[in-house]
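Residues per chain are reported as follows:
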Amino acid sequence: MADVVQYRLERMVNELDDLERRGIFTRREINEIVKQRRKFEYRLKRPSPLKQDYLAYIEYETQLDSLRRLRKKSVARQLRNQGIDENKKKMKKSVSDFAGVVRIVDIYRLAVTRYKGDIDLWFRYLEFCREKRHGRMKKVLAQAIRFHPKVPGLWIYAAAWEFDHNLNVAAARALMQSGLRVCPTSEELWIEYLRMELTYLNKLKARKVALGEDEGTLVRDKKVAGEKQWRDGNEDLFMSLNEEKENNESNVENKETRGKVDVFREQGFSILKAIYSGAIEALPSSLNLRKKFFEILDALDLAHSEEMHEQILSEMKRDFSTEPEYWDWLARLEFDPEVIEGMSDELVLSQTEKAIQVYEEALKVMPSAKVFDNYTRFMMDVILLQKGEKEILELSGPYATYISHLLGIYEKAKAIGCITEDLAYQYVSFYLQLGRLDEARNLADKLCREIFSDSTRLWLLKASLEVRHVTKDSLSSPTKADLLSIFGLLEDVLPKISVSKAESLWIMALKLFSSQKEYFEKLVGLSIVSISKDGDSDNGFSLSSAIVNFVLQNDGIQSAREMYKRFLALPHPGLAIYRNCIDLETNLASVGDKDGLVNARKLFESALSTYGQNLSLWQNYHRLETKMGTSETASAVHWRARKILKDSTALFTSDLSKCVYI
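Residues numbered from 1 in each chain as written. Predicted model: local features only at pLDDT ≥ 70, side-chain atom pairs only at ≥ 80, totals over all residues. Heavy atoms only, no water.

**A word on the overall build of the chain**
What counts, and what does not: Secondary structure is summarised from DSSP: a helix means a run of H or I of at least four residues, a strand means a run of E of at least two, and numbering begins at the N terminus for each. Three exposure classes are used, based on accessible area relative to the maximum for each residue type with a 1.4 Å probe and protein chains only: buried under 20%, partly exposed in between, and exposed over 50%. It only takes one pair of heavy atoms within 4.5 Å for two residues to be counted as in contact. Here the Shrake-Rupley method, with its probe set to 1.4 Å, supplies the accessible areas, and only the displayed protein chains count as covering residues.
Looking only at helices and strands, the chain features 32 helices and 0 strands. Split into buried and exposed, the 662 residues of the chain put 42% on the buried side. Of all intrachain contacts in the chain linking residues separated by at least 6 positions in sequence, the fraction that spans at least 24 positions is 63%. Of the roughly 36,600 Å² that the chain leaves accessible, carbon and sulfur atoms contribute 51%.

**Description of the side chain of Arg 68**
If you trace the backbone, Arg 68 turns up in helix 4 (residues 51-82). Here Arg 68 is in contact with Leu 19, Ile 24, Phe 25, Ser 96 and Asp 97, once residues within four sequence places are set aside.

**Let's talk about the UniProt feature "coiled-coil region" (unreviewed entry) in the chain**
We count it as follows: UniProt positions are given in the numbering used here, feature names are shortened, and annotations may be inferred rather than shown by experiment.
Under the UniProt annotation, the feature "coiled-coil region" (unreviewed entry) is placed at residues 2-29. The straight-line gap between the two end C-alpha atoms of residues 2-29 is 23 Å; of that span, 79% is helix and 0% is strand.

**Some points on the pattern of salt bridges**
Which entries qualify depends on this criterion: In what follows, salt bridge is the name for a side-chain nitrogen of Lys or Arg lying within 4 Å of a carboxyl oxygen of Asp or Glu.
A complete count under the given rule lists 43 salt bridges for this structure. The partner of Arg 8 in a salt bridge is Glu 41, and the shortest N-O contact between them spans 2.8 Å. Separated by 33 residues along the polypeptide, Arg 8 in helix 1 (residues 2-10) and Glu 41 in helix 3 (residues 27-44) bring together distant segments of the chain. Judged by its relative accessible area of 1%, Glu 41 falls in the buried class. For the salt bridge of Arg 37 with Glu 61, the shortest nitrogen-to-oxygen distance reads 2.9 Å. Placement of Arg 37 in helix 3 and of Glu 61 in helix 4 is noted, with a sequence separation of 24 residues between them. When sorted by exposure, Arg 37 lands in the same class as Glu 61, which is buried.

**Brief notes about helix 15 (residues 305-320)**
Inclusion rule: For a helix, the expected span equals 1.5 Å multiplied by the number of residues minus one. The reported arc concerns the directions from the helix axis to the C-beta atoms and nothing else.
Taking 1.5 Å per residue as the helical rise, helix 15 with its 16 residues ought to reach 22 Å, and the 22 Å between its terminal C-alpha atoms agrees with that figure. Buried within helix 15 we find Ser 305, Met 308, His 309, Ile 312, Glu 315, Met 316 and Phe 320. Viewed end-on, helix 15 has its buried residues packed into an arc of 145 degrees, placing them on one side of the element. Opposite the buried face of helix 15, at more than 90 degrees from it, the exposed residues are Glu 306, Glu 307, Glu 310 and Arg 318.

**Things to note about the packing of aromatic side chains**
So the rule is basically this: Aromatic pairs are defined between Phe, Tyr and Trp rings, using the six-membered ring for Trp, whenever the two ring centres lie within 6.5 Å; interplanar angles under 30 degrees are classed as stacked, those over 60 as edge-to-face, and all others as tilted.
By the definition in use, this model includes 18 aromatic pairs. Centre to centre, the rings of Phe 40 and Tyr 57 are 5.0 Å apart; their planes meet at 10 degrees, and the pair counts as stacked. Taken together, the positions of Phe 40 in helix 3 and Tyr 57 in helix 4 put the pair 17 residues apart, joining distant regions of the chain. For Phe 40, a relative accessible area of 8% corresponds to the buried category. On the accessibility criterion, Tyr 57 (0% relative accessible area) is buried.

This is the structure we're talking about:
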């Protein structure tokens, strides 16, 4: 291994001598470069070099070459000040100007030889060759495709390089067609092949236009198309002042340009139709592929575009009429609320009605929860189009009717049994957005009792609505009847939901009943039942800790201690309860409470009797004794931990190793 490394380093002598002779690097810097390269070379000659070893070497050489170029420019500026003629030879390109790139290419070659299956590494290699315009690009592409013929991205990359860099359309087309033979089910490959052919055709047309032999472009002007669509829909509003003259002029113009323009438009249509037929045959069940073809067709001005539009739409309806995604796409094709720039209110309303008709047809064909979900999202987008989420109540005119229409959709989904938990949650939340709290409460109660009795989200929402209803008037305190009603609901809800999922509801309930002794005591009873069943979180929300903190703030230290003793009296108290109680006593001891340290020690001993193999518990115990105890007590904890855990290395990697014992 050493001989190979030494041989590779000796091959760098000419390059390093050239760098020193030119004054780009000093002798000391060159020694450091040799040292670093030796280190990297030894890494690569290990029995199993890592991918990161190659990448680190490449990164170092890339930065070194960048520094060399900067130093060379600096030296050139200095030489120009001294007189450029006498130093021309010194600034000519030499071995050091090429050695860096050659070395990086060589490292990449070794890397892809070692990790042939790493696609990311191959693409890094290709990008480097493309950026540096290295002559190995074609060879590397051939190697990558040979090892990974089933990766469509490589075929696309190779074709793009031939098309853009080499301007070789025939080679690019051959690569794309070879890729399609190997990967006939790649949507991306079919789409990029179509884009490439149409781009080439558009370039030919642009060249004709530049020579004055043609006019226009294959790319459709969206603004003009939109104006034409609106004008066609409102043609009764327009009347030509000299219709006959305009018709004659347009006929003459069409006769002169039809022969030139139609050649490219016809050819573009033929290309699209041929590729579309092949793609559909290879991927008959891909809705996404049809959508992309339709978008490309919509963006181009080709011959027979309208016929092709109708063909694609009819075939999509035939093949995908049972898929909700198709109906959603078709409706948003009529009107997309995210694209309204330059549209008048009348046009927006007209297009919205067309989209609504599509959704209604979808519900007749296949009434499903997914169709309802898409429909409601669309209507919500339309409503929020004019006003923000907090200003829905300010809607007026035709847009206000969409609110009742959306509520009707939710109700219809509920009536025919297509409402899901998510739709039900949106239904109740929409009433809240409208400020109709009582209706939201009634709806949530009905949904929870009749349809979603096991839905955590809806029960939580219902409980929060009840609490909001009781506390909405901040000037008056809740009545006994209100408190009784809410607590009755909590008794129904909280036992059904795990502590971790009901965190917000527990906090809300503790705040509401913190000053109500009777109800708070009952709430503690519920918490004990929940913790016994589900446990208390050791990382996230801790219910026992939250209750103890509420008691500490309201009733003082002694009451808090009595409360956590109740949790510790459970049959199998979790480690989280011990940790929370220990944290409480430790904090009290740190502020001068006399009993805090004693109680903390008792809690540690009690916890270790059950969780004696827990390393972090021993570490915390030792940390407590180190800060608040004596060296003897800390030493005793240390040796007990080593004896029980039987792993001194784990202890010495912790805070225990920081203490020196005499």
